[in-house]
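A structural walkthrough
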Amino acid sequence: MPEYTPAPLIKAAEQFAKLPGIGMKTAHRLAYHVLSLPQESVVEFTSAIALARESVKFCSSCQNFTETVPCPICSDTRRNSRVICVVESPRDVSVFERAGGYNGVYHVLHGLLSPMDGTTPDDIRVKELMQRLSGDIEEVIMATNPTVEGEATASYISRLVKAVGVKTTRLAYGLPAGAALEFADDVTLTKALENRNEI
(Lines give C-alpha, C1' and ligand atoms only; values in the text may rest on other atoms or scores of the structure.)
Protein backbone atom coordinates (compact mmCIF):
# COMPACT_ATOMS: atom_id res chain seq x y z
CA MET A 1 0.00 0.00 0.00
CA PRO A 2 1.12 3.62 -0.42
CA GLU A 3 3.28 5.05 2.34
CA TYR A 4 0.52 7.42 3.54
CA THR A 5 -1.50 4.42 4.80
CA PRO A 6 -1.08 4.11 8.59
CA ALA A 7 1.12 1.20 9.63
CA PRO A 8 -1.48 -0.27 12.07
CA LEU A 9 -4.01 -0.43 9.22
CA ILE A 10 -1.49 -2.27 7.04
CA LYS A 11 -0.80 -4.73 9.89
CA ALA A 12 -4.54 -5.31 10.34
CA ALA A 13 -4.92 -6.00 6.61
CA GLU A 14 -1.99 -8.43 6.73
CA GLN A 15 -3.72 -10.37 9.52
CA PHE A 16 -6.99 -10.56 7.56
CA ALA A 17 -5.03 -11.79 4.53
CA LYS A 18 -3.88 -14.81 6.55
CA LEU A 19 -7.47 -16.09 6.60
CA PRO A 20 -8.36 -18.70 3.95
CA GLY A 21 -9.91 -17.24 0.82
CA ILE A 22 -9.02 -13.65 1.70
CA GLY A 23 -6.77 -11.85 -0.76
CA MET A 24 -4.98 -8.57 -0.05
CA LYS A 25 -7.67 -6.46 -1.73
CA THR A 26 -10.41 -7.95 0.46
CA ALA A 27 -8.12 -7.81 3.48
CA HIS A 28 -7.66 -4.07 3.03
CA ARG A 29 -11.43 -3.62 2.65
CA LEU A 30 -12.00 -5.53 5.89
CA ALA A 31 -9.32 -3.53 7.72
CA TYR A 32 -10.88 -0.24 6.62
CA HIS A 33 -14.31 -1.51 7.63
CA VAL A 34 -13.16 -2.54 11.11
CA LEU A 35 -11.55 0.87 11.63
CA SER A 36 -14.81 2.57 10.67
CA LEU A 37 -16.77 0.66 13.33
CA PRO A 38 -17.52 2.16 16.76
CA GLN A 39 -14.94 1.22 19.40
CA GLU A 40 -17.45 -0.97 21.26
CA SER A 41 -18.12 -3.02 18.12
CA VAL A 42 -14.41 -3.59 17.56
CA VAL A 43 -13.96 -4.71 21.17
CA GLU A 44 -16.97 -7.04 20.85
CA PHE A 45 -15.56 -8.46 17.58
CA THR A 46 -12.09 -9.13 18.97
CA SER A 47 -13.48 -10.45 22.26
CA ALA A 48 -15.69 -12.97 20.43
CA ILE A 49 -12.67 -14.30 18.52
CA ALA A 50 -10.54 -14.48 21.67
CA LEU A 51 -13.34 -16.21 23.61
CA ALA A 52 -13.87 -18.78 20.85
CA ARG A 53 -10.14 -19.52 20.78
CA GLU A 54 -10.00 -19.90 24.57
CA SER A 55 -13.21 -21.87 25.22
CA VAL A 56 -13.49 -24.17 22.19
CA LYS A 57 -11.48 -27.38 22.52
CA PHE A 58 -11.25 -30.79 20.86
CA CYS A 59 -13.67 -33.54 21.82
CA SER A 60 -11.71 -36.33 23.50
CA SER A 61 -13.48 -38.90 21.34
CA CYS A 62 -14.35 -37.51 17.88
CA GLN A 63 -11.86 -34.60 17.75
CA ASN A 64 -14.61 -32.14 16.74
CA PHE A 65 -14.66 -28.61 18.14
CA THR A 66 -16.68 -28.40 21.36
CA GLU A 67 -17.19 -26.42 24.55
CA THR A 68 -17.83 -29.57 26.61
CA VAL A 69 -15.83 -32.78 26.64
CA PRO A 70 -17.08 -35.13 25.33
CA CYS A 71 -19.05 -33.17 22.75
CA PRO A 72 -22.89 -33.20 22.65
CA ILE A 73 -22.92 -35.67 19.72
CA CYS A 74 -20.61 -38.21 21.39
CA SER A 75 -22.48 -37.96 24.69
CA ASP A 76 -25.93 -38.37 23.08
CA THR A 77 -27.06 -41.90 24.02
CA ARG A 78 -29.70 -41.87 21.25
CA ARG A 79 -27.00 -41.91 18.57
CA ASN A 80 -25.49 -45.11 17.17
CA SER A 81 -21.96 -45.01 18.59
CA ARG A 82 -21.05 -48.18 16.65
CA VAL A 83 -20.99 -46.29 13.32
CA ILE A 84 -18.28 -43.64 12.80
CA CYS A 85 -18.37 -41.18 9.91
CA VAL A 86 -14.85 -39.90 9.14
CA VAL A 87 -14.71 -36.32 7.85
CA GLU A 88 -11.98 -33.83 7.04
CA SER A 89 -13.08 -30.84 9.15
CA PRO A 90 -15.58 -29.67 11.78
CA ARG A 91 -17.46 -27.86 8.98
CA ASP A 92 -18.27 -31.26 7.48
CA VAL A 93 -19.94 -32.36 10.72
CA SER A 94 -22.17 -29.29 10.49
CA VAL A 95 -23.12 -30.20 6.91
CA PHE A 96 -24.16 -33.73 7.89
CA GLU A 97 -26.06 -32.54 10.95
CA ARG A 98 -27.91 -29.92 8.90
CA ALA A 99 -28.93 -32.61 6.39
CA GLY A 100 -30.34 -34.64 9.27
CA GLY A 101 -30.09 -38.13 7.75
CA TYR A 102 -27.25 -39.54 9.87
CA ASN A 103 -27.57 -40.86 13.42
CA GLY A 104 -24.08 -42.22 14.10
CA VAL A 105 -21.04 -40.43 15.50
CA TYR A 106 -18.12 -38.72 13.76
CA HIS A 107 -14.36 -38.58 13.64
CA VAL A 108 -12.75 -35.33 12.46
CA LEU A 109 -9.32 -35.68 10.84
CA HIS A 110 -8.48 -31.95 10.74
CA GLY A 111 -6.84 -32.33 7.36
CA LEU A 112 -6.11 -34.76 4.54
CA LEU A 113 -3.01 -36.62 3.44
CA SER A 114 -1.06 -34.53 0.95
CA PRO A 115 2.52 -35.49 0.10
CA MET A 116 2.83 -32.29 -1.98
CA ASP A 117 2.11 -30.21 1.13
CA GLY A 118 4.05 -32.51 3.44
CA THR A 119 0.91 -33.67 5.31
CA THR A 120 1.45 -37.18 6.64
CA PRO A 121 -0.72 -39.50 8.79
CA ASP A 122 1.03 -38.05 11.85
CA ASP A 123 -0.34 -34.59 10.97
CA ILE A 124 -4.01 -35.63 11.00
CA ARG A 125 -6.08 -37.51 13.59
CA VAL A 126 -5.61 -41.06 12.26
CA LYS A 127 -4.06 -42.42 15.46
CA GLU A 128 -7.04 -41.20 17.50
CA LEU A 129 -9.44 -42.92 15.08
CA MET A 130 -7.57 -46.22 15.35
CA GLN A 131 -7.72 -46.01 19.16
CA ARG A 132 -11.52 -45.76 18.94
CA LEU A 133 -11.72 -48.98 16.95
CA SER A 134 -10.75 -51.08 19.97
CA GLY A 135 -14.37 -50.68 21.11
CA ASP A 136 -17.52 -52.24 19.64
CA ILE A 137 -17.45 -50.51 16.24
CA GLU A 138 -19.37 -52.11 13.35
CA GLU A 139 -18.73 -49.63 10.50
CA VAL A 140 -16.49 -46.73 9.52
CA ILE A 141 -17.87 -44.48 6.77
CA MET A 142 -15.22 -42.58 4.81
CA ALA A 143 -16.77 -39.18 3.99
CA THR A 144 -13.81 -37.21 2.69
CA ASN A 145 -14.24 -35.08 -0.44
CA PRO A 146 -13.74 -36.75 -3.85
CA THR A 147 -10.46 -34.92 -4.46
CA VAL A 148 -7.05 -36.52 -4.98
CA GLU A 149 -6.19 -35.87 -1.32
CA GLY A 150 -9.61 -37.03 -0.11
CA GLU A 151 -9.42 -40.27 -2.08
CA ALA A 152 -5.84 -40.94 -0.94
CA THR A 153 -6.83 -40.36 2.69
CA ALA A 154 -9.92 -42.58 2.40
CA SER A 155 -7.87 -45.35 0.78
CA TYR A 156 -5.11 -45.16 3.40
CA ILE A 157 -7.48 -45.16 6.38
CA SER A 158 -9.73 -47.88 4.96
CA ARG A 159 -6.73 -50.22 4.70
CA LEU A 160 -5.92 -49.62 8.38
CA VAL A 161 -9.55 -50.06 9.46
CA LYS A 162 -10.08 -53.25 7.45
CA ALA A 163 -6.90 -54.69 8.98
CA VAL A 164 -8.56 -54.62 12.42
CA GLY A 165 -11.69 -56.30 11.09
CA VAL A 166 -14.08 -53.33 10.93
CA LYS A 167 -16.37 -52.83 7.92
CA THR A 168 -15.37 -49.78 5.88
CA THR A 169 -17.64 -47.96 3.44
CA ARG A 170 -17.28 -44.89 1.21
CA LEU A 171 -19.90 -42.29 0.42
CA ALA A 172 -21.52 -42.93 -2.96
CA TYR A 173 -20.93 -40.32 -5.65
CA GLY A 174 -23.16 -39.62 -8.57
CA LEU A 175 -26.01 -37.48 -9.79
CA PRO A 176 -27.58 -34.99 -7.39
CA ALA A 177 -31.33 -35.25 -6.81
CA GLY A 178 -33.29 -33.33 -9.42
CA ALA A 179 -30.35 -33.06 -11.85
CA ALA A 180 -30.66 -33.64 -15.59
CA LEU A 181 -28.29 -36.16 -17.22
CA GLU A 182 -27.32 -33.74 -19.98
CA PHE A 183 -25.68 -31.41 -17.43
CA ALA A 184 -23.63 -34.11 -15.64
CA ASP A 185 -19.89 -34.12 -16.24
CA ASP A 186 -18.12 -37.33 -17.32
CA VAL A 187 -16.67 -38.16 -13.89
CA THR A 188 -20.00 -37.67 -12.11
CA LEU A 189 -21.84 -39.82 -14.65
CA THR A 190 -19.20 -42.56 -14.41
CA LYS A 191 -19.41 -42.55 -10.61
CA ALA A 192 -23.20 -42.69 -10.78
CA LEU A 193 -22.96 -45.82 -12.95
CA GLU A 194 -20.37 -47.42 -10.66
CA ASN A 195 -22.46 -46.76 -7.54
CA ARG A 196 -25.82 -47.79 -8.98
CA ASN A 197 -28.27 -49.64 -6.68
CA GLU A 198 -30.87 -52.29 -7.35
CA ILE A 199 -34.47 -51.04 -7.25
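Structural data are supplied above this passage.
What counts and how
Residues numbered from 1 in each chain as written. Predicted model: local features only at pLDDT ≥ 70, side-chain atom pairs only at ≥ 80, totals over all residues. Heavy atoms only, no water. Helix = DSSP H or I, 4+ residues; strand = E, 2+ residues; numbered from the N terminus. Polar contact = N/O pair within 3.5 Å; in protein donor to acceptor, adjacent residues only side chain to side chain. Contact = heavy atoms within 4.5 Å. Core = buried A, V, L, I, M, F, W, Y, C linked by side-chain atoms within 4.5 Å. Buried < 20%, exposed > 50% of the residue type's maximum accessible area, 1.4 Å probe, protein only.

So, about the side chain of Arg132. Among the secondary structure elements, Arg132 is positioned in helix α5 (residues 126-132). A polar side-chain atom of Arg132 sits 3.5 Å from a polar atom in the side chain of Ser61. At 2.6 Å, the side chain of Arg132 forms a polar contact with the backbone oxygen of Tyr106. Excluding anything up to four places from it in sequence, Arg132 contacts Ser61, Cys62, Ile84, Val105, Tyr106, His107 and Ile137.

Core analysis: the biggest nonpolar cluster contains 29 residues, and Ile84, Cys85, Val86, Val140 and Ile157 have the highest contact counts within it. The set of elements that each furnish at least two residues to this core consists of β3 (80-87), β4 (104-108), α5, β5 (139-142) and α6 (148-163). Broken down by element, the residue count for this core peaks at five residues, all from β3. Those residues in contact with Cys85, other than ones at most four positions away along the chain, are Phe96, Tyr102, Val105, Tyr106, His107, Ile141 and Ala143. In terms of nonpolar packing, the next biggest core, distinct from the first, is built from six residues, Leu9, Ala13, Ala31 and Val34 among them.

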